[in-house]
Amino acid sequence: GFTPTARRVVPGSLRLSGVHSPLPATLYFFAGPRSYTGQDLAELHTIGSPPLVERLVADLLNAGARSAQ
């Protein structure tokens, strides 16, 4: 399992619905209260193609993620 630490970088890849090949991705985790927001924070970095980013956001929301307010 994933155990948060103060900062962590996890390289890897992700699969999107309707996309054949996996995309390279890196997850950056910053534990609160020592993050920008003071809360646990995760950033996912991947290819910046607008259609792929839209698909990624839709897949994350369908999996139960919620949008930041």
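The structure presented is a predicted model; accordingly, all values stated were derived computationally and were not measured.

### A few points about the overall build of the chain
Moving on, step 1. The number of helices and strands found in the chain is one helix and three strands.
Moving on, step 2. Its C-alpha atoms give the chain principal-axis dimensions of roughly 35 × 25 × 25 Å.
Moving on, step 3. The long-range share in the chain, meaning contacts at least 24 apart out of those at least 6 apart in sequence, stands at 21%.
Moving on, step 4. Taken as a whole, the chain presents about 5,400 Å² of accessible surface, with 56% of it coming from carbon and sulfur.
Moving on, step 5. Charge centroids of the chain, computed over 6 positive and 4 negative side chains, lie 8 Å from each other.

### Some details on the side chain of Ser 35
Moving on, step 1. Structurally, the position occupied by Ser 35 is in the loop between strand 2 (23-30) and strand 3 (41-46).
Moving on, step 2. Here the side chain of Ser 35 touches Gln 39 through a polar contact of 2.5 Å, landing on its backbone oxygen.
Moving on, step 3. In this view, Ser 35 contacts Phe 30 and Leu 41; residues no more than four positions away in its chain are not counted.

### Here we look at unusual backbone geometry
Moving on, step 1. Of note, the bond from Gly 32 into Pro 33 is cis; its omega dihedral lies within 30 degrees of zero at 5°.
Moving on, step 2. Looking at where Pro 33 falls in the secondary structure, it is placed in the loop between strand 2 and strand 3.

### Section: the environment of Phe 30
Moving on, step 1. Structurally, Phe 30 is set in strand 2.
Moving on, step 2. Remark: the alpha-carbon pair of Phe 30 and Thr 46, spanning 16 residues in sequence, is separated by 18 Å.
Moving on, step 3. Setting aside residues no more than four positions away along its own chain, Phe 30 makes contact with Ala 6, Arg 7, Ser 35, Gln 39, Asp 40, Leu 41 and Glu 43.

### Concerning the pattern of salt bridges
Moving on, step 1. The full count for this structure, using the stated rule, is one salt bridge.
Moving on, step 2. Residues Arg 55 and Asp 59 are paired through a salt bridge, measuring 3.0 Å at the closest nitrogen-oxygen approach. Residue Arg 55 and its partner Asp 59 are both found in helix 1 (residues 50-62); the two are separated by four residues, about one turn of the helix.
Moving on, step 3. The class of Arg 55 is partly exposed, set by a relative accessible area of 31%.

### Observations concerning the nonpolar core
Moving on, step 1. Counting residues in each nonpolar core, the largest one holds five residues, listed as Leu 14, Leu 16, Leu 23, Ala 25 and Leu 56.
Moving on, step 2. In this structure, Ala 25 is in contact with Val 10, Pro 11, Gly 12, Ser 13, Leu 14, Leu 44, His 45 and Thr 46, ignoring residues within four places of it in sequence.

### Some thoughts on the side chain of Asp 59
Moving on, step 1. For Asp 59, a relative accessible area of 18% translates into the label buried.
Moving on, step 2. Within polar-contact distance, the side chain of Asp 59 engages the side chain of Ser 17 at 2.8 Å.
Moving on, step 3. Once residues lying within four places of it in the same chain are set aside, the contact partners of Asp 59 are Leu 16 and Ser 17.

What counts, and at which threshold
- Residues numbered from 1 in each chain as written.
- Predicted model: local features only at pLDDT ≥ 70, side-chain atom pairs only at ≥ 80, totals over all residues.
- Heavy atoms only, no water.
- Helix = DSSP H or I, 4+ residues; strand = E, 2+ residues; numbered from the N terminus.
- Contact = heavy atoms within 4.5 Å.
- Areas by Shrake-Rupley, 256 points an atom, 1.4 Å probe, with all protein chains shown as cover.
- Lys, Arg positive; Asp, Glu negative; His and termini not counted.
- Charge placed at Lys NZ, Arg CZ, Asp CG, Glu CD.
- Polar contact = N/O pair within 3.5 Å; in protein donor to acceptor, adjacent residues only side chain to side chain.
- Salt bridge = Lys/Arg side-chain N within 4 Å of Asp/Glu carboxyl O.
- Buried < 20%, exposed > 50% of the residue type's maximum accessible area, 1.4 Å probe, protein only.
- Core = buried A, V, L, I, M, F, W, Y, C linked by side-chain atoms within 4.5 Å.

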